[in-house]
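Per-entry structural report
What follows is each chain in one-letter form.
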Amino acid sequence: MSHPQPSATAPPTTAAPAAPPSAAAPAPTPSPPRTVAWREAAERLRAAAVTEPGRLRVIGAVLAALLVVLGTVTAWQVAARASAADAVVHHSQPLSAAAADIYRSLADADSTAASGFLAGGQEPRKVRERYDADITLASESLVKAAANTDGSGTARDRITELNKKLPQYTALVEAARANNRQGLPLGGAYLRYASDQMRDELLPAASKLYDAETGRLHSDYADAKSWPWAALGLGVLTLAALGWAQQRTFLRTNRVFNQGLLAATGATTVVLLWLAVGHGVARSELQTSYAHGAHSLQVLTETRIAALKARSNENLTLVARGAIITKGNHDFYEDKFGEGMHDLIGSGGGDPAPDSLLGRALALADDEKGRAPVASVIKDVREWQSRHGNSRSQDESGDYRSALKLVIGEQGNSQGSTGETFDSVDEALNKALKHEQGQFDRAADDGRGALSGLAAGAAVLAVLAAAGAVLGIGRRLSEYR
């Protein structure tokens, strides 16, 4: 039996079934282009604006926005001016007065030190007490200025300089007194050096401090008096918009009044009138407080300082006794005294020159209580000039003791001396300063008070007006439902 021979080739193997192809991912469906949000909103508004209800909604939104902005701007501008007016009353004017006190007390201390030196080794007790009071006042005013000033670096630098140099000046004065009590001529040199330091360093620094604080006072005045043009202009624009809306309503409905819009118009008118009248009154009172208060105080302060400097130069004329001569072969301190008198009252006799300090002070005094002390000062200054002339005649003729008596008096009694007239001048100027300070306080307080409540009132009225406008427009919209 034959068997079949195996084939030479291997039988074909059965191939493993191929993995089924994975299902293909579906192609992404293209999404419609996305519209920008603001464009969608604009399209909706445009679609709504073609209908009367849509137009009314837009008008209501615009009116409400205008009224809210009006209240915000009015409150902001009024608050800024009220803050500036408050600064005038409670900050910048008191600091300007404190700076003037620093200058005056320093100048008076220098004059008093010279008077005490001329009195001899044992200066009168009243003179020493006056000098000590001046130095104490200057120190306290410097502390007050340093604690409250927030102005420019100039003010702070001047305060630092004064605090540093005031002890140096007082040390020189004490050295002059010590030498004078021992009868040493070196005392006069110490006193002249102290006076030169006062004249060349301390008083210029005090003057710059006064100028800085006075400049800030003027800046606060300007801020408080400036008109709130943005609020006024926005108020007029809002009234015009409300008027147009009411006219439009009348033309489309033949209805004369819309209660909501009418209330909004009334509230806006109150805001605008309150703003214009209130700020006008405040501006007028602040201008009065400057013209008949702050400005008068400034001129009277300068007058008092000029009198103090003249008195100091008069005393130093006798202390130096011709030791310092100008290029024209004149006594330096006598020339300075003459310049001070010219600044005070001008040349010649009679009424003061219009451009002199006393001429300006008299012109600014607007009532009898203000004019009377200034007139007294003018009379005393003329007497001072006459007595000073007699003293100079005695000194130039070689009678120093008689000249000294005509300047400081004798044995603590200043009757008949230039010291007596100077004291009368200083007392009358102090009276005039107190009167003008009172006028400033009253007028400035009235100006500040005219703005009180205006910011809050304007904000409340504007909100009520906005609500009235929305309700008025809403009443019209209800007719379409």
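Residues numbered from 1 in each chain as written. Predicted model: local features only at pLDDT ≥ 70, side-chain atom pairs only at ≥ 80, totals over all residues. Heavy atoms only, no water.

Details of the packing of helix α7 (residues 259-320) against helix α9 (residues 357-364)
Where α7 contacts α9, the two axes come as close as 9 Å, and the packing angle between them is 155 degrees. Classed by the angle they form, the pair α7 and α9 counts as roughly antiparallel. Helix-helix and strand crossings are classified by hand; for α7 and α9 the assignment is left-handed. Contacts between α7 and α9 involve Ala291, His292, His295, Ser296, Val299, Leu300, Glu302, Thr303 and Ala306 on the former and, on the latter, Leu357, Leu358, Arg360, Ala361 and Leu364. Class assignment for the residues of the contact of α7 with α9 results in eight nonpolar, four polar and two charged. (Axes fitted to C-alpha atoms, helices over the stretch in contact; angles between N-to-C directions. Helix = DSSP H or I, 4+ residues; strand = E, 2+ residues; numbered from the N terminus. Parallel < 35°, antiparallel > 145°, perpendicular 65-115°, else oblique. Left-handed = near helix turned anticlockwise from the far one by under 90°. Contact = heavy atoms within 4.5 Å. Nonpolar A, V, L, I, M, F, W, Y, C, P; charged D, E, K, R; others polar.)

Observations concerning the nonpolar core
Among soluble globular proteins, nonpolar side chains are generally buried collectively. Leu106, Leu162, Tyr169 and Trp384 are the most contacted members of the largest nonpolar core, which totals 80 residues. At 15 residues, the largest contribution of residues to this core is made by helix α2 (residues 52-118). The contact partners of tryptophan 384, leaving out residues within four places of it in the chain, are Ala307, Ala310, Arg311, Glu314, Phe337, Met341, Thr418, Thr421, Phe422 and Val425. Core analysis: the second largest hydrophobic core is formed by 15 residues, Val73, Leu232, Ala450 and Ala455 among them. (Core = buried A, V, L, I, M, F, W, Y, C linked by side-chain atoms within 4.5 Å. Buried < 20%, exposed > 50% of the residue type's maximum accessible area, 1.4 Å probe, protein only.)

A short note on the packing of α7 against helix α12 (residues 418-449)
Where α7 meets α12, the axes come as close as 8 Å, and the angle between the chain directions of the two elements is 165 degrees. Comparing the axis directions of α7 and α12 gives the class roughly antiparallel. Handedness of the α7/α12 crossing: left-handed. By residue class, the composition of the contact of α7 with α12 is 15 nonpolar, 13 polar and seven charged.

What about the confidence of the model for the chain?
Per-residue pLDDT for the chain averages 82, and the proportion of residues at 70 or more is 87%. By mean pLDDT, helix α1 (residues 37-49) is the weakest element of the chain at 70, and α9 is the strongest at 91. Confidence drops under pLDDT 50 across residues 1-19; counting only partners more than four residues distant or on other chains, this segment forms zero contacts. (pLDDT = per-residue confidence, 0-100.)

Some details on the pattern of salt bridges
What the rule picks out here adds up to 21 salt bridges. One salt bridge in this structure joins glutamate 174 and arginine 177, with 2.8 Å as the shortest N-O distance. Placement of both glutamate 174 and arginine 177 in helix α4 (residues 153-181) is noted, with a separation of three residues, approximately one turn of the helix. Owing to a relative accessible area of 31%, glutamate 174 belongs among the partly exposed residues under this scheme. (Salt bridge = Lys/Arg side-chain N within 4 Å of Asp/Glu carboxyl O.)

Remarks on the side chain of arginine 158
Mapped onto the elements, arginine 158 comes out in helix α4. What makes arginine 158 buried here is its relative accessible area of 17%. Residue contacts for arginine 158: discarding those within four places in its chain leaves Ala205, Lys208 and Leu209.

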